[in-house]
Amino acid sequence: MRIVIAPDKFKGSLPAAQVAAAVAAGLRAALGPAAELIAVPVADGGEGTVDAAVAAGFERVPVTAAGPAGPADAPVRASYARRGEVAVVELACVCGLPRLPGGRPAPLTASSFGAGEVLRAALEAGARRIIFGVGGSASTDGGAGLLQALGARVLDARGEPAGFGGVALRDVALLDLSGLHPALRSCSLTLATDVSNPLTGPDGAAEVYGPQKGATPPQVRELAAALRHWAAVVAAAVGADHSAAPGAGAAGGVGFAARAVLGAESLPGIELVLGLAGFDAALAGADLVITGEGSLDRQSLAGKAPVGVARAAARRGVPVVAVAGRSTLTAGQLAAAGIAAVYPLSDLEPDPERSRAEAGPLLRRTGQMIARDRLAKVVTRP
């Protein structure tokens with residue numbers, strides 16, 4: 001029996017590799033040494049994307065960069081992944097929500113500058129293709145910080161450098177791109193994201209994602225106005241308005257800056273990660289795929305990792321079950337996503353805090369349950 005274990009992280013509990021290891025331990029205990037278990041930890045462009053690349057054989061490269069408060073912030077230790085001329089950079093691990101000092105939101109002043117520093121480090125190490133995971137950002141700065149770290153000058157009406165963060169965009173008068181890092185001219189940049197929102201408008205970065213980053217309704221309006229102004233400044237610099245492009249609103253507008261200025265393209269994050277991990281090859285001869293994430297819910301259906309895994313497995317005719325901390329999806333929604341069954345930890349431990357704290361042992365028990373069900377032919381090929 002060949003089983004591929006391809007979960008995303010359980011946010012706030014276990015990284016994807018540990019989720020896979022715990023499930024594998026339960027399967028091994030029930031199935032014995034004859035079972036072939038293939039662990040393929042995955043991510044969808046947010047937190048854990050670099051870890052997934054490292055699990056796929058990339059080298060982890062440590063780097064020090066500014067946290068989400070920008071250059072004034074204490075430097076943080078982060079990393080990117082490298083294999084030959086390909087690099088995988090993750091915004092969340094340097095200036096994402098998990099990096100906010102003390103966990104305190106900073107919706108008006110958080111910056112994407114640190115992500116630009118990591119991109120620059122990858123360029124200077126020889127990367128010529130960069131996959132940039134942009135999920136989990138703490139900022140709504142339109143990607144201005146990213147560009148500043150890469151050599152662009154963001155200037156106010158006096159010709160002085162503008163400040164950092166979304167609120168500073170209202171004072172920007174000029175974007176000078178003459179100092180952009182020269183290696184960008186020979187590098188392809190692909191954004192790993194499942195976000196299709198534009199930069200501005202009712203579905204824009206500030207309106208939809210600002211509240212998730214701690215913005216109050218007045219702050220959302222302030223950020224939205226600042227982003228509209230920034231979009232006009234960038235359009236004057238590059239000769240076209242990219243603010244309405246699908247995905248421009250990703251990572252608080254980092255998607256906009258990357259597309260408009262750096263010529264980036266956007267692809268679903270889980271598809272990029274599955275390609276890096278050689279997921280199709282892992283599926284050869286597989287009897288079952290186990291995927292999952294901390295919460296299987298309606299957001300999962302919008303292209304999150306488990307659904308991406310299930311779609312890839314369906315193309316090869318391999319059945320899929322999922323593990324989750326909790327699941328709010330109906331049987332019909334799961335079936336439509338290609339998931340035959342879900343095993344939520346909440347069935348074993350209803351208390352959310354205890355479930356998170358004991359996720360490893362609970363996942364091992366879940367692995368044993370899946371193995372028993374498999375042996376009993378509860379899960380069969382379609």
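Caption draft 1: Spotlight on the side chain of S111. Relative to the helices and strands, S111 is located in the loop between α3 (92–95) and α4 (113–124). At 3.0 Å, the side chain of S111 forms a polar contact with the backbone nitrogen of F113. Look past the residues within four positions of S111 in its chain and what remains in contact with it is G67, P68, G70, C95, S139, D141, G145, F164 and G165.

Caption draft 2: Highlighting α4. Taking 1.5 Å per residue, 12 residues should reach 16 Å; α4 reaches 17 Å between its end C-alpha atoms and fits that length. Of all the 12 residues making up α4, nine are buried; the element is thus mostly covered by neighbouring parts of the structure. Every buried residue of α4 is listed here: F113, G114, A115, G116, E117, V118, L119, A122 and L123. Residue G126 follows α4 closely and has a positive phi angle near 105°.

Caption draft 3: Examining the nonpolar core more closely. I130, F132, L175, W230 and L262 are the most contacted members of the largest nonpolar core, which totals 66 residues. The leading source of residues in this core is helix α7 (residues 217–238), at nine residues. Once you skip the residues sitting within four places of it in the chain, L262 turns out to touch L146, L147, L150, L180, L184, L189 and A257. With 27 residues, the next largest nonpolar core counts V40, V42, L283 and I339 among its residues.

Caption draft 4: Here's a closer look at helix α1 (residues 16–31). Over its 16 residues, α1 extends 22 Å from the first C-alpha to the last, a length consistent with the 22 Å expected when each residue adds 1.5 Å. Listing the buried residues of α1 in full gives A16, V19, A20, A22, V23, A24, G26, L27 and L31. Packed against the buried residues of α1 are β1 (2–7), β2 (36–39), β11 (288–296), β12 (320–327) and α14 (359–375).

Caption draft 5: Spotlight on the packing of α1 against α14. For the pair α1 and α14, interaxial distance at closest approach is 7 Å and the crossing angle is 45°. Put simply, α1 runs oblique to α14. For the element pair α1 and α14, the recorded crossing hand is right-handed. Contact with α1, carried on its side by V19, A22, V23, A25, G26, L27, A29, A30 and L31, involves G360, L363, R364, G367, Q368, I370, A371 and L375 of α14 and no other residues of that element. Partitioning the contact of α1 with α14 into residue classes produces 12 nonpolar, four polar and one charged.

Caption draft 6: View of the sheet that holds β11. Pairing within the open sheet is parallel, and its five strands lie in the order β2-β1-β11-β12-β13. Each end of this open sheet is capped by a strand with a single partner; those strands are β2 and β13 (341–344). Between one strand axis and the next, the sheet turns through 25° on average, direction left out of account. Here β11 pairs with β12 via seven bridges, running parallel. Opposite G292, over in β12, you have V323 as the bridge partner. Its contacts with the sheet put α1 on β1, β2, β11 and β12, and the angle it makes with β1 is roughly 155°.

Rules of the game
- For every chain, the first residue of the written sequence is number 1, and numbering continues from 1 onward in sequence order.
- The model is predicted, so local features are restricted to residues of pLDDT at least 70 and side-chain atom pairs to those at 80 or more, both for listing and for counting; the totals for chains, interfaces and linings are taken over all residues.
- The side-chain quantities take in all heavy atoms of the structure and omit both hydrogens and water.
- Strands are runs of DSSP state E lasting at least 2 residues, helices are runs of H or I lasting at least 4, and numbering of each runs from the N terminus.
- Pairs of N or O atoms are called polar contacts if they sit within 3.5 Å, as long as, within protein, a hydrogen donor faces a hydrogen acceptor (for residues adjacent in sequence, only side-chain-to-side-chain pairs).
- Contacts are assigned to residue pairs that have any heavy atoms within 4.5 Å of one another.
- How far a helix is expected to stretch is found by multiplying one less than its residue total by 1.5 Å.
- Categorising residues by exposure relies on relative accessible area from a 1.4 Å probe, with only protein chains included: less than 20% of the type maximum marks a residue as buried, more than 50% marks it as exposed, and the intermediate range marks it as partly exposed.
- We define a nonpolar core as any set of buried Ala, Val, Leu, Ile, Met, Phe, Trp, Tyr and Cys residues linked to one another through side-chain atoms lying within 4.5 Å.
- Lines fitted to C-alpha atoms define the axes, with helix axes restricted to the stretch in contact, and inter-axis angles between N-to-C directions lie between 0 and 180 degrees.
- Any angle between 65 and 115 degrees counts as roughly perpendicular, while under 35 counts as roughly parallel, over 145 as roughly antiparallel, and the rest as oblique.
- Note on convention: the crossing is left-handed when the near helix lies turned anticlockwise from the far helix by less than a right angle, right-handed when the turn is clockwise.
- Note on residue categories: nonpolar means Ala, Val, Leu, Ile, Met, Phe, Trp, Tyr, Cys or Pro, charged means Asp, Glu, Lys or Arg, and polar means any other residue, Gly included.
- Strand pairing is assigned whenever DSSP detects at least two bridges linking the two strands.

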